[in-house]
Amino acid sequence: FDLDLPPGRRVALIGPSGAGKSTVAAVLLRFCDPCGGTVTLGGTGLAGCAADDVRTVIGGCPQDPHIFDTTLRGNLLLARPAASGAELEAAAARARLLPWVRSLPRGWDTRVGTRGAALSGGERQRLALARALLADPAILVLDEPTAHLDPEARSALTADLLAATEGRATLLITHEPDGLDQVDEIIVLDRGRVVQRGPHRDLIRADGPYRRLYT
């Protein structure tokens, strides 16, 4: 498996469960180290970088993000404690969370409960997405960011994410076809190996796993 994410390039990583997609995300975010090969960040070996330093450059939004038992505002400010109210609202708007926040009696001061128990699955995911966008990393890793949303909301949020990540190096890990025609390259993984790669327009015409997954 090889992957290059220069500034502005957006790559989608797809494949069946167990293909290795989330392992790639875990390696990039220094949650685990590879047992072979080389991973570099700006020419420096990732294994020699402190995990916290890596995560200021490579930001992520996992499929099941951790939501802290505090307010909506407190959860977002973890990404950038000095963020202004306007910056919080801008990040929430890009994640399509802002209208809901404004509809709450306590707004940003609404408490979310232990692990976000007071929120729906979709609201938890949108809050985590807003937090990732507020952190403004150079590289954004989105691991199944729309997994808990209904089809209409999933499509809308994917469109917003692609608009928000334009010009930023982005790795989108997904099971869904939404937005794949807008990324620069799609990599199809199966059991840890690349079985197909290329832009949507080429892969959808070829007789291969990509077309079988999405037609």
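Our subject is the structure listed above.
Residues numbered from 1 in each chain as written. Predicted model: local features only at pLDDT ≥ 70, side-chain atom pairs only at ≥ 80, totals over all residues. Heavy atoms only, no water.

Enquirer: Explain the overall build of the protein chain to me, using residue names and the numbers behind them.
Expert: Check the secondary structure of the protein chain and you find nine helices and eight strands. Taken across its 215 residues, the protein chain has 46% of its residues classed as buried. Long-range pairs, those at least 24 residues apart, make up 68% of the contacts in the protein chain between residues at least 6 apart in sequence. When the accessible surface of the protein chain is totalled, it reaches about 10,700 Å², and 49% of it is carbon and sulfur. The distance from the centre of the 25 positive side-chain charges to the centre of the 26 negative ones in the protein chain is 1 Å. (Helix = DSSP H or I, 4+ residues; strand = E, 2+ residues; numbered from the N terminus. Buried < 20%, exposed > 50% of the residue type's maximum accessible area, 1.4 Å probe, protein only. Contact = heavy atoms within 4.5 Å. Areas by Shrake-Rupley, 256 points an atom, 1.4 Å probe, with all protein chains shown as cover. Lys, Arg positive; Asp, Glu negative; His and termini not counted. Charge placed at Lys NZ, Arg CZ, Asp CG, Glu CD.)

Enquirer: Which residues make up the packing of helix 6 (residues 121-135) against helix 7 (residues 151-164), and what values go with them?
Expert: In a pair of packed helices, the angle between the axes and the distance between the axes together describe the arrangement. At their nearest, the axes of helix 6 and helix 7 sit 12 Å apart, and the two run at 5° to each other. If you check the angle between helix 6 and helix 7, you find them roughly parallel. Packed against helix 6, whose contacting residues are R126, L129 and L133, the element helix 7 presents A153, L157, L161 and A164 at the interface. Looking at side-chain class alone, the contact of helix 6 with helix 7 contains six nonpolar, no polar and one charged residues. (Axes fitted to C-alpha atoms, helices over the stretch in contact; angles between N-to-C directions. Parallel < 35°, antiparallel > 145°, perpendicular 65-115°, else oblique. Nonpolar A, V, L, I, M, F, W, Y, C, P; charged D, E, K, R; others polar.)

Enquirer: If you had to explain the pattern of salt bridges to someone new, which residues and values would you point to?
Expert: As enumerated under the stated definition, the model contains 14 salt bridges in all. Put simply, R55 and D52 hold a salt bridge, and the shortest N to O gap is 3.9 Å. Taken together, the positions of R55 and D52, both in helix 2 (residues 51-57) and three residues apart, correspond to about one turn of that helix. On the accessibility criterion, R55 (32% relative accessible area) is partly exposed. A cluster of three or more residues bridged by salt bridges with shared partners is formed by D2, R9, E185 and R197. (Salt bridge = Lys/Arg side-chain N within 4 Å of Asp/Glu carboxyl O.)

Enquirer: Explain helix 1 (residues 21-28) to me, and be specific about the residues and the numbers.
Expert: Most of helix 1 sits out of view: six of its eight residues are buried. The elements touched by buried residues of helix 1 are strand 1 (10-14), helix 2, strand 4 (58-61), strand 5 (139-143), strand 6 (169-173) and strand 7 (185-190). The first or second residue beyond helix 1 is R30, which carries a positive phi of 65°.

Enquirer: I'd like to hear about the layout of surface pockets, residue by residue, with values.
Expert: Here the largest pocket is characterised by a volume of approximately 710 Å³. Taken together, 27 residues form the lining of the largest pocket, with F1, V24, V27, L28 and V39 sitting closest to its centre. Broken down by element, the residue count for the lining of the largest pocket peaks at four residues, all from helix 1. Within the lining of the largest pocket, the residues separate by chemical class into 16 nonpolar, eight polar and three charged. (1 Å grid on protein atoms, 1.4 Å probe; cavity = no way out; pocket = protein on both sides within 12 Å on 5 of 7 lines; lining within 4 Å. Points joined across faces, edges and corners; volume = space filled by probe spheres on them.)

Enquirer: Which residues make up the environment of D64, and what are the values?
Expert: Mapped onto the secondary structure, D64 falls in the loop between strand 4 and helix 3 (72-77). Owing to a relative accessible area of 56%, D64 belongs among the exposed residues under this scheme. For the pair D64 and S103, spaced 39 residues apart in the sequence, the C-alpha separation amounts to 25 Å.

Enquirer: Describe the pairing of strand 5, listing the residues and the values that go with them.
Expert: Across the five residues of strand 5, five count as buried, placing the element largely inside the fold. Residues of strand 5 alternate between two faces, with I139, V141 and D143 on one and L140 and L142 on the opposite face, all of them buried. When strand 4 meets strand 5, the two strands line up parallel, connected through four bridges. Bridging from a neighbouring strand, C61 pairs with L142 of strand 5. (Pairing = 2+ DSSP bridges.)

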